[in-house]
Amino acid sequence: MRFARLLALAALAAASACGGGSSGGRTPTTPATPTPAPTPTPNPFAAACGTPLPPLEDFYGYGVKVQLEPTRNRKVLNASPLVRNAEYCAAIGQPGTFCRTRFETDPQRAACDHYISGMSDEGRPGPIWYEEDGKGELVRCGGLSLAGGAPNCTLKPENQYLLDVRAPGKYVACGGAGKKSCGACILANGTFGVIHRTPAGLCGTD
């Protein structure tokens, strides 16, 4: 009995000397903590526009009009984004198939316009403007940081939705980067050389 007890004590001492246990002497490792995915940056225009947001997939180009006539031979065009969604239009109080993003007097109007237009190639929200040449090709209007080859139009420095024009022709506003929807204004020869009482109706269409 005493001999058996001594053998058990000897075996326990040997196991302790060799490290014992099931780990085999290795230090347990802690699993790596996964890197969290970055939080998406919220669209500031969406937040300022509020509810309802104009559906991006229903962006339907621009309605373009003559905003004013500073001189007899210069006009300022104004492009307003259009939405083709009867449910949205009804929700903002503009019944019909097409509407603006908000009423003109609504303080959310500018943010909603910016949201659906996206950013232009000038790095500010609004359309990219073009003048159609004699071959039916669209030539970009310049005047700010990027050069443009169109001879009779200049971007307004204070607002991407406004365009100075100096001659008859077809002027086209297209949605910002990644967009393809456009709107046009055709100014006939007879619209120049005179100041009109109500210039908003001077734009013709194809």
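Cut-off values and rules
Residues numbered from 1 in each chain as written. Predicted model: local features only at pLDDT ≥ 70, side-chain atom pairs only at ≥ 80, totals over all residues. Heavy atoms only, no water. Salt bridge = Lys/Arg side-chain N within 4 Å of Asp/Glu carboxyl O. Helix = DSSP H or I, 4+ residues; strand = E, 2+ residues; numbered from the N terminus. Polar contact = N/O pair within 3.5 Å; in protein donor to acceptor, adjacent residues only side chain to side chain. Phe/Tyr/Trp six-rings, centres within 6.5 Å; stacked < 30°, edge-to-face > 60°. Buried < 20%, exposed > 50% of the residue type's maximum accessible area, 1.4 Å probe, protein only. Lys NZ or Arg CZ within 6 Å of the ring centre and 35° of its normal.

This brings us to the pattern of salt bridges. For the coordinates displayed, the defined rule picks out 8 salt bridges. Between Asp164 and Arg74 there is a salt bridge; the shortest N-O distance is 2.7 Å. With Asp164 in strand E7 (residues 162-165) and Arg74 in strand E2 (residues 74-84), the pair connects residues that are 90 residues apart, well separated along the chain. One continuous salt-bridge network, built from bridges that share partners, spans Arg74, Lys156, Glu158 and Asp164.

Quick look at the environment of Arg109 now. Considering the arrangement of structural elements, one finds Arg109 in helix H4 (residues 109-117). Separated by 61 residues in sequence, Arg109 and Ala48 place their C-alpha atoms 9.4 Å apart. Among the polar contacts made by the side chain of Arg109, one reaches the main-chain carbonyl oxygen of Arg102 at a distance of 3.1 Å.

This next bit is on the packing of aromatic side chains. Scanning the entire structure with this criterion turns up 2 aromatic pairs. With 5.4 Å between their ring centres and 85° between their planes, Phe59 and Tyr62 make a pair best called edge-to-face. Here Tyr62 falls in the buried class, since its relative accessible area comes to 4%. Centroid distance Tyr60 to Phe98: 4.9 Å. Interplanar angle 50°. Geometry classified as tilted. Note that Tyr60 is positioned in strand E1 (residues 59-71) and Phe98 in strand E3 (residues 98-99), a separation of 38 residues in sequence. Note on Phe98: relative accessible area 39%, which makes it partly exposed. The positively charged end of Lys75 is found above the aromatic ring belonging to Phe192, 4.5 Å away from the centroid.

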